[in-house]
Amino acid sequence: MAGLAGVSVRTLHHYDEIGLVRPSARTPAGYRAYAPGDVERLREVLGYRRLGFALREIAALVDDPATDAVAHLRRLRGLLEEQRDRTAAMVAAIDRELEARAMGIRTTPEEQLEVFGAQLYDSIGSAYPATRRTEPRIAARIWQALGDARTVLNVGAGTGSYEPPDRDVTAVEPSAVMRAQRPAGAAPCVAASAESLPFADASFDAAMAVSTVHHWPDPVAGLREMRRVARRVVVFTYDASSPGWLQRFWLTRDYLPEFAGLLAGWPSLADLTRAIEGRAEPVLIPWDCADGFFEAHWRRPEAYLDDRVRRAVSVWTRVGPDAEQRAVDALRDDLASGRWAERNRDLLALDAAELGLRLLVA
Ligand SMILES: C[S@@+](CC[C@H](N)C(=O)[O-])C[C@H]1O[C@@H](n2cnc3c(N)ncnc32)[C@H](O)[C@@H]1O
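All figures in this text were calculated on a predicted structure; none of them were measured in a lab.

Undergrad: Explanation requested: the overall build of the chain in the structure shown.
TA: Along its length, the chain carries 17 helices and 11 strands. By principal-axis analysis of the C-alpha atoms, the chain measures approximately 90 × 60 × 35 Å. Taken across its 362 residues, the chain has 34% of its residues classed as buried. A fraction of 66% describes how many contacts in the chain between residues 6 or more apart in sequence connect residues 24 or more apart.

Undergrad: Please clarify how the UniProt feature "domain: HTH merR-type" (unreviewed entry) in the chain should be interpreted in this entry.
TA: According to UniProt, the feature "domain: HTH merR-type" (unreviewed entry) maps to residues 1–64 in the numbering used here. Taken end to end, residues 1–64 is 56% helix and 6% strand, and its first and last C-alpha atoms sit 24 Å apart.

Undergrad: I tried to follow the packing of helix H10 (residues 219–229) against helix H13 (residues 269–276) on my own but got confused; where do I start?
TA: Helix packing geometry: the angle between the two helix axes and the distance between the axes. At a minimum axis distance of 8 Å, the contact between H10 and H13 shows a crossing angle of 25°. In terms of orientation, H10 and H13 fall into the roughly parallel class. Crossing handedness for the pair H10 and H13: right-handed. Of the residues in H13, those touching H10 at Pro219, Val220, Leu223, Arg224, Met226 and Arg227 are Asp271, Leu272, Ala275 and Ile276. Tallied by class, the residues present in the contact of H10 with H13 amount to seven nonpolar, no polar and three charged.

Undergrad: Mind showing me how you'd approach the site of the ligand here?
TA: The ligand sits among 22 residues. The nearest are Tyr121, Gly156, Gly158, Ala194 and Thr212. Broken down by class, the residue content of the shell around the ligand amounts to nine nonpolar, 10 polar and three charged.

Undergrad: Explain the sheet that holds strand E8 (residues 279–282) to me, please; I cannot follow it from the model alone.
TA: Strands belonging to one sheet form pairs held by backbone hydrogen bonds; the direction of such a pair is parallel or antiparallel. With mixed pairing, the seven strands of this open sheet are ordered in space as E5-E4-E3-E6-E7-E11-E8. Since the sheet does not close on itself, it has two edges, and those belong to strand E5 (189–190) and E8, each with one partner. Pairing of E8 with strand E11 (residues 357–361), which is carried by four bridges, proceeds in the antiparallel orientation. By the bridge assignment for E11, Arg279 is matched with Val361. The sheet strands contacting H13 are strand E7 (230–238), E8 and E11, and the helix crosses E11 at an angle near 25°.

Undergrad: Could you clarify how one ought to interpret the packing of helix H3 (residues 36–50) against helix H4 (residues 55–62) in this entry?
TA: Here H3 crosses H4 at 135°, and the two axes come no closer than 10 Å. In terms of orientation, H3 lies oblique with respect to H4. Taken as a pair, H3 and H4 cross one another with a handedness that is right-handed. Listed contacts from H4 to Arg41, Glu44, Val45, Tyr48 and Arg49 of H3 are Ile58, Leu61 and Val62. Counted by class, the contact of H3 with H4 contains five nonpolar, no polar and three charged residues.

Undergrad: It is not clear to me how the domain arrangement of the chain should be interpreted in this structure. Could you clarify?
TA: In many reports, interface size means the accessible area that the parts give up when they come together. With domains assigned, the chain is organised as domain 1 (2–62), domain 2 (69–118) and domain 3 (127–361). Each of domain 2 and domain 3 has a C-alpha centre, and these two points are 26 Å apart. Taken together, the contact pairs eight residues of domain 2 with 11 residues of domain 3. Residues of the side of domain 2 that touches domain 3, tallied by class, amount to three nonpolar, one polar and four charged.

Undergrad: How should I be thinking about the environment of His214 in this particular structure?
TA: Counting through the fold element by element, His214 comes out in the loop between strand E6 (204–210) and H10. Between the C-alpha atom of His214 and that of Gly3, which follows or precedes it by 211 residues, the distance is 46 Å.

Undergrad: Before we go on, may I ask you to explain H13 in this structure?
TA: Given 3.6 residues to a turn, an α-helix orients residues that are three or four positions apart in the same direction. Looking only at H13, the buried set comprises Leu272, Thr273, Ala275 and Ile276. All buried residues of H13 project into a common sector of 155° when viewed along the axis, lining one side. Turning to H13, the residues buried within the fold contact H10, E7, E8 and E11. A positive backbone phi angle near 55° is found at Glu277, which sits one or two residues after H13.

Undergrad: Any chance you could explain helix H8 (residues 136–145) here in plain terms?
TA: Those residues of H8 not exposed but buried are Ile138, Ile142, Trp143 and Ala145. Take H8 and look down its axis: the buried residues cluster within an arc of 160°, on one side only. Residues Pro136, Ala140 and Gln144 are exposed on H8 and point more than 90 degrees away from its buried face. Elements in contact with the buried residues of H8: E6, E7 and E11. Remark: Gly147 follows H8 within two positions and exhibits a positive phi of approximately 60°.

Undergrad: How should the pairing of E7 be read in this particular structure?
TA: In summary, the side chains of a regular strand alternate between the two faces of the sheet. Burial of E7 is extensive: eight of the nine residues sit out of reach of the surface. Where E6 lies against E7, six bridges are found, and the strand directions are parallel. Looking across to E7, one finds that Ala207 is bridged to Val233. Viewed along the sheet, the connection from E6 through H10 into E7 turns out right-handed.

Reading guide: rules and limits
- Residues numbered from 1 in each chain as written.
- Predicted model: local features only at pLDDT ≥ 70, side-chain atom pairs only at ≥ 80, totals over all residues.
- Helix = DSSP H or I, 4+ residues; strand = E, 2+ residues; numbered from the N terminus.
- Buried ≥ 20, exposed ≤ 12 C-beta atoms within 10 Å, placed from the backbone.
- Contact = placed C-beta atoms within 7 Å.
- UniProt positions renumbered as here; feature names shortened; annotations may be inferred.
- Axes fitted to C-alpha atoms, helices over the stretch in contact; angles between N-to-C directions.
- Parallel < 35°, antiparallel > 145°, perpendicular 65-115°, else oblique.
- Left-handed = near helix turned anticlockwise from the far one by under 90°.
- Nonpolar A, V, L, I, M, F, W, Y, C, P; charged D, E, K, R; others polar.
- Near = placed C-beta within 6 Å.
- Pairing = 2+ DSSP bridges.
- Domains from an automatic or database assignment.
- Arc of directions from axis to C-beta.
- Right-handed = clockwise from strand over helix to strand, strands pointing away.

Below, the structure written as structure tokens:
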């Protein structure tokens, strides 16, 4: 068995002693005898080990009665694909850096960090908990849409802001920084991406995704995956396809038109809804929204001058420091001169605003 698996006999003995892979039988001479089920378990253990999981984490994964051999294979496949993509991105970044050096070009700190394949939320995620939390009125809509689902998969779960407390939740989150910030006692979290969910078909009563779909490299593929693994799907996202959407919010209209560039090529709301075979419902944003997402401070414009507010919203990092500085300077000037108030007088009478946020339900 050690020869087949490419590990030492000592390793197998150790796995046996700690209860990780216990061979089902012994030969009359006292040798360990591995049944097909033991081999399967050993393969899972070695797969997770190769991915860098600690033995204690692996024990929890392989002992989970809700995960069968196929689900483990799917999960391992997803994680390996993710690792492969990260490695490919790292090779490409190193090539770019080598090329730049050969041409005598100095790269910026951001470009140099790219070499380590730092994903967006691994670099900005630590600023997230400062202003991002559950907005109870939006949570109520999401939880109502989950219906009577007992088992819920939360995709792109982050720190778990909208996870229903009264159901059996499993989280999926690709960023190690975000996973590490999940509170003690939060639902178990699997390192994977929406586009390749490591679960068998119809494993959950419902799957939810909140403020995350716009980060997925392939949103339609991710939504189809949610549909595959769950009978019900609930997604809180953004409609960037209705005409004049950029004009809907004063921040993008008057200060940050670069926002449009971030959503270039983004599927239409109809495409997103079709991917889950569902419908879209508008979600109005209360004026005192507790979760500091991009649109949250629509009636509290001074908040956008606060660096902590901006650092917890990826849009500001993605538009780049020049656009960010220009937008903040212009907003500060307009607030001081009264121009903002003059242009947006109507908003002050509203308690909730329609800014293109949508709940997709299937
Ligand atoms: C704005 S946060 C939202 C987190 C959480 N759902 C919430 O509402 O607080 C977006 C999350 O999507 C995750 N994400 C990025 N790409 C992803 C992908 N391909 N699949 C799943 N999640 C992804 C990020 O790592 C990040 O934690």
